[in-house]
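Single-letter residue listing:
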Amino acid sequence: MTTVDFDPGAAAARATDAILHDTLHGTERGVVVDSPPGAGKSTLVVRAALELADAGRPLMIVAQTNAQVDDLVLRLAEKNPDLPVGRLHSSDTDAYDKALDDLPQVRTSARAADLGGLPVVLSTAAKWAHVKVDEPWPHAIVDEAYQMRSDSLLAVAGLFERGLFVGDPGQLDPFAIVGSEQWAGLSYDPSASAVTTLLAHNPALPQHRLPVSWRLPASAAPLVSRAFYPYTPFRSGTGHGDRRLAFAVPSDGSGPDRVIDEAAESGWGLLELPARHTPRTDPEAVRAVAAVVRRLLDRGGAATSERAPGTPLPLTADRIAVGTAHRDQAAAVRAALAELGVADVTVDTANRLQGREYDVTVVLHPLSGRPDATAFHLETGRLCVLASRHRHACIVVCRAGVGDLLDDYPSTEPVQLGTLVKFPDGWEANHAVLAQLSEHRVGWRP
Amino acid sequence: MSLITTLARLEAVSSGRAQPTATVRHRHLSERPLVFVPLTTAGEAGAPLGALVGTDRDAPRLLVVPQPRDRDLRFSFLADLADTVLPYLDSHAESVEAAERTETDPETGKRVKVEVELCADAPQLIVPSRAGLDLVRLLGRSMRFRRTAEQDPEAPHPAPPRIPLLGRWLTHYGERSRVPGSALLLALTDVLSRHWATGQSGLEDQHLGALLAWIDPPDGTRGDEAARGAELARDAAGQLLCPPAGPATDPAFDNKLLAPAIERYDRARTALAAAEDALAADDRLAALTAAEREVRDLVESRTRPTWDAVWRGLDLLRALPQGAHAEERWTRDRWSFTGHRDRVLAGEPPQPRRDDAVTAANKLAAREREQARLEAQEALDDPLVMAGRRLAGEAFAGEVTDVVLAYSEGKRPSPRPLVTVRTDDRPHLAERARVYRSLGGKPQSAELVGQEAEGVLVLRVLDRMGRGREPEPGSVPEKGDRLCFTLFEHEQRGGAKLPDPQDTPWTHGGPPGEPAPEAPDTVTEEDVL
């Protein structure tokens, strides 16, 4: 890169200013913001919401899950405790985070009419789809717009006049549980992402991107950028010396301990088990994942970061996550962790880890032990989510032979006329990640 | 592929016989389905070569195009097909029963009940394999925009009168077959492989002969051997003993038998056209008839085995009792049929070439709902399917070991009994996760309170216990009851209403505008050979 004196803070501020300018003063009906992992997407959404509210423009915010909505409400409340906020929720029990009830400025209701007149109203896309209005909102912010399906945008787009669409194009695409090849190639393919449809019909909309990842450490940003965002590179907001992971208890020489040391040193670790075809819930790999987590906790880890230089914070269970491709794998890991007496470590699939952040992640490689490489397991977004949740280190547990598997199964998805071919494809991204991981390999026969 | 299907396939491999994956039939089968066994010509998309079609297994109607590249002959084939299919459809369109439907009143905007007709039964089309479904769609697309002489007297190549109508019906059936669980148009290989697992791949299951050999091998043979024979065995002349179910034909048949026969037919036709006197014409007409007869015999020889196989497959399926919810799904099919009948009667134009944004989104949403509904209903109808879900951690069965009556907090406490269930299954349950059981055909929900020990779950029952303080009798599980709870919901909620097509928002290109009448493709040289 040519930017020798790159100031990440200034670059990010410039991008944010341009986005806010287009949002508040632009003439187009929409603004699209691409954000790499951990680039301050939520911060941007909150800031844009506050500025729009300050400008006296009523605003609706569309997020994809209840957890995302609640998170945004809490962030808004934190930034401006005086701003009245409406949380529209479904009529199910436990429809929203009970923490919202403690905030006097937040009004919750299952009916949009109860929230009329509030400067900001937030809900999920699914709930907004049931709302009818006579007068549309002047402004909307659509969060995680790349994970929103086109048909879901169709249901809510009539509610607002202008929109700010924010999302991460590298994460998992939305999916349909039935075939949708019938509409492939149509600009409004209902199973495509909302942004794809939006831009197909409105190609002139201003598009911005956030250039700096504040989450990913200097060791991870170049790989994630190269492997998953080859045409829209970004960099880390911190330098190589800014983050440090250290362990009080020295290594006992076992595979898990060696891979932990490797990852603490370099940011990446690959714990490679002997090659073997296994069922999805490969018991050995699952136990290896659990063992790594157990040792991470036992060895008294401490993480130092730019947030508090010189003050190492203990690496606790809530700062560790395990990522898998399938739900049954996550369930198996949870069971294995429970056997080892580990609680409070997040274990989830890539889909559910989207948008979350941890100090250390342990990933069961999606292709580990598989005899074939299906489109699901090759999906670029899945690997990207799994490889970009960490602030310090990422440890991948995998059977040997994934490289051969990739070579045996080049991607052979049917080509659909009129669809945008996504780059990079999963095959290429997997190879890029694997090449990097192989430099941090620790072989282990449990 | 689920674990239980993998297991069934492994068992099929080792036993040499397909293993059942269902104990009931999950699709409605009509008393009198219309079976359609089409063949197409190699090298030309959608050019029919012939078909066996009909409702009587002993007397199918044979339709043949002796020269598939001749578009007049193709039209007369399609007209004959319309003469067979449309009366069958019409026979169901007339017998109706009264039904109620909720509609939005255009004046008041309120939801009101209206009396409407619902066809008492719907016509069911059966094709041998999935490729047959694609051909039905293709035929529908190729026919529904044709103009008849009545519609457009100036058109150079008017289609016979009933062809556009048949095209609209085939299009409707082709679209409906994409809806999970629907049974208006079925591919037999799909239905069979839903009910049996063979020891071969899903792709190989699309060979009807091989699939039947796995499920019901001839006496004294193993299914895998019989399937191999069905795929590969050839007679002395190099022809397959079990012709593929089509619509594609075997290249050896095309090259050695069909192409020479068609060529003889062409020569006879040219000769007849060149005949100079009546006597010669008579002879040559006889030669032409003989040549045509030869092509007909060839087509029949390749479709008849498939025809018989289809009926055999239907016999196998009929031997299974019908699943409890299959009738409910068939009622949806009847609504679908009635709806299209009404659109045709109302003089609406044919289905557009492409769905607009709103229609596409509505179809996708409806199909996703139907898929979830189908998965839930199949599991509820069939203990073997439920076993698969239990194995996958999506359901659990067990015995109630304790029931403690408890109440909700609040002004009017309602019963919230705590039920302890001991199970050997390993459900993927998180704290406060919802589970459902079937109580008199309706789902009763409960939430997980905690896990006392390995396999001992405490659940809090949440609903369907009546309005009073005491739960209604029979609504709370009792000690010793054997119950099956699912982690998935039994019923599907309706989705949000999408805007009308004329209100398509700016993000999706705005309103589609007035539908312009579809212009016919311009005539090219190839159109008039």
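Residues numbered from 1 in each chain as written. Chains lettered and ligands numbered in written order. Predicted model: local features only at pLDDT ≥ 70, side-chain atom pairs only at ≥ 80, totals over all residues.

Regarding the overall build of chain B
A count of helices and strands for chain B gives 12 helices and 15 strands. Each of the 529 residues in chain B was classed as buried or not, and the buried ones make up 38%. In chain B, the share of contacts with a sequence separation of at least 24, taken over all contacts with a separation of at least 6, comes to 64%. (Helix = DSSP H or I, 4+ residues; strand = E, 2+ residues; numbered from the N terminus. Buried ≥ 20, exposed ≤ 12 C-beta atoms within 10 Å, placed from the backbone. Contact = placed C-beta atoms within 7 Å.)

Details of the overall build of chain A
Looking only at helices and strands, chain A has 15 helices and 19 strands in total. Its C-alpha radius of gyration of 22 Å places chain A within 12% of the 22 Å reference for a compact globule of 446 residues. By principal-axis analysis of the C-alpha atoms, chain A measures approximately 65 × 55 × 50 Å. The buried share of chain A, taken over its 446 residues, is 50%. Pairs at least 24 apart in sequence give 76% of the contacts found in chain A among residues at least 6 apart. (Rg over C-alpha atoms; globule rule 2.2 N^0.38 Å.)

Remarks on the domain arrangement of chain A
All names here are of chain A. The domain boundaries assigned to chain A delineate domain 1 (8-213) and domain 2 (221-443). The C-alpha-based centres of domain 1 and domain 2 are spaced at 29 Å. Opposite the 21 residues of domain 1 that make contact, domain 2 presents 25 residues. In terms of residue class, the side of domain 1 that touches domain 2 is built from eight nonpolar, eight polar and five charged. (Domains from an automatic or database assignment. Nonpolar A, V, L, I, M, F, W, Y, C, P; charged D, E, K, R; others polar.)

Regarding the environment of Gly495 of chain B
Relative to the assigned elements, Gly495 of chain B resides in the segment after β15 (482-486). Contacts of Gly495 of chain B, omitting those with residues within four sequence positions, involve Ala365 and Arg369 of chain B.

Concerning the interface of chain B and chain A
Listed as interface residues are 24 residues of chain B and, on the opposing side, 25 residues of chain A. Among the residues forming the side of chain B that touches chain A, the class breakdown is 13 nonpolar, six polar and five charged.

As for the UniProt feature "domain: DNA2/NAM7 helicase-like C-terminal" (unreviewed entry) in chain A
Under the local residue numbering, the UniProt record ascribes the feature "domain: DNA2/NAM7 helicase-like C-terminal" (unreviewed entry) to residues 285-399 of chain A. Across residues 285-399 of chain A one finds 37% helix and 28% strand; the C-alpha atoms that close the span lie 8 Å apart. (UniProt positions renumbered as here; feature names shortened; annotations may be inferred.)

With respect to the pairing of strand β3 (residues 48-54) of chain B
All names here are of chain B. Burial analysis of β3 places six of its seven residues in the buried class, the great majority of the element. The pairing of strand β2 (residues 34-40) with β3 spans six bridges and is classified as antiparallel. Following the sheet pairing, Leu39 is matched in β3 by Gly50. When β3 meets strand β4 (residues 61-64), the two strands line up antiparallel, connected through four bridges. Within β4, the position partnered with Leu52 by the bridge is Leu62. With antiparallel pairing between neighbouring strands as the criterion, β3 and β4 make up a hairpin whose turn holds six residues. (Pairing = 2+ DSSP bridges.)

Quick notes on the domain arrangement of chain B
Under the domain assignment, chain B is made up of domain 1 (3-245 + 304-351) and domain 2 (382-486). For domain 1 of chain B versus domain 2 of chain B, the separation of C-alpha centres amounts to 42 Å.

Things to note about the sheet that holds strand β17 (residues 358-364) of chain A
Residues and elements named next belong to chain A. Spatial ordering of the open sheet is given by β16-β15-β17-β18-β12-β19, a layout of six strands whose pairing is parallel. Edge positions in the sheet fall to β16 (346-349) and β19 (441-443), since each has one partner strand and no second. Averaged over all neighbouring strand pairs, the angle between strand axes comes to 20°, with direction disregarded. As paired strands, strand β15 (residues 320-324) and β16 are joined by four bridges and run parallel to one another. (Axes fitted to C-alpha atoms, helices over the stretch in contact; angles between N-to-C directions.)

Focus on the packing of helix α8 (residues 251-273) of chain B against helix α9 (residues 278-318) of chain B
Describing two packed helices takes the angle between their axes plus the distance from one axis to the other. Residues and elements named next belong to chain B. For the pair α8 and α9, interaxial distance at closest approach is 8 Å and the crossing angle is 160°. Relative to α9, the element α8 lies roughly antiparallel. Crossing of α8 over α9 shows left-handed handedness. Touching Phe253, Leu257, Leu258, Ala261, Ile262, Arg264, Tyr265, Ala268, Arg269, Ala271 and Leu272 of α8 are Ala281, Arg284, Leu285, Ala287, Leu288, Ala291, Glu292, Glu294, Val295, Leu298 and Arg302, all from α9. Residues of the contact of α8 with α9, tallied by class, amount to 16 nonpolar, no polar and six charged. (Parallel < 35°, antiparallel > 145°, perpendicular 65-115°, else oblique. Left-handed = near helix turned anticlockwise from the far one by under 90°.)

What about the sheet that holds β4 of chain B?
Residues and elements named next belong to chain B. Spatially, five strands are ordered β4-β3-β2-β7-β8 in an open sheet, and the strand pairing comes out mixed. In the strand order of this sheet, the two ends are held by β4 and β8 (185-187), each with one partner. Each strand of the sheet is rotated relative to its neighbour by a mean of 20°, with strand direction disregarded. Here helix α2 (residues 71-93) sits on the sheet and contacts β2, β3 and β4; the angle it forms with β3, its principal contact strand, is near 20°. Contacting β2, β3, β4 and β7 (125-127), α9 crosses the sheet at an angle of about 135° to β2.

Considering unusual backbone geometry
All names here are of chain A. Look at Glu144: it is not a glycine, yet its phi comes out positive at around 50°. Within the secondary structure, Glu144 sits in the loop between β6 (137-142) and α5 (150-156). At Asp344, a residue that is not glycine, the phi angle is positive and equals roughly 70°. If you trace the backbone, Asp344 turns up in the loop between α10 (327-339) and β16.

Thoughts on the packing of helix α5 (residues 188-195) of chain B against α9 of chain B
Residues and elements named next belong to chain B. Taken N-terminus to C-terminus, the directions of α5 and α9 make an angle of 35°; their axes are 11 Å apart at the nearest point. The handedness of the crossing between α5 and α9 is left-handed. Of α9, the residues touching α5 (which contributes Leu188, Val191, Leu192 and His195) are Val310, Gly313 and Leu317. Residue composition of the contact of α5 with α9, grouped by class: five nonpolar, two polar and no charged.

Some thoughts on helix α4 (residues 163-176) of chain B
All names here are of chain B. Helix length check: α4, at 14 residues, gives a terminal C-alpha distance of 20 Å against a target of 20 Å (1.5 Å per residue), a fit within 8%. Among the 14 residues that make up α4, 11 are buried, leaving the element largely enclosed by the rest of the structure. Regarding α4, the residues found buried are Ile163, Leu166, Gly167, Arg168, Trp169, Leu170, Thr171, His172, Tyr173, Gly174 and Glu175. Residues of α4 that are buried sit in contact with α2, β7, α3 (130-144), β8 and α10 (326-345). (Expected span 1.5 Å × (residues − 1).)

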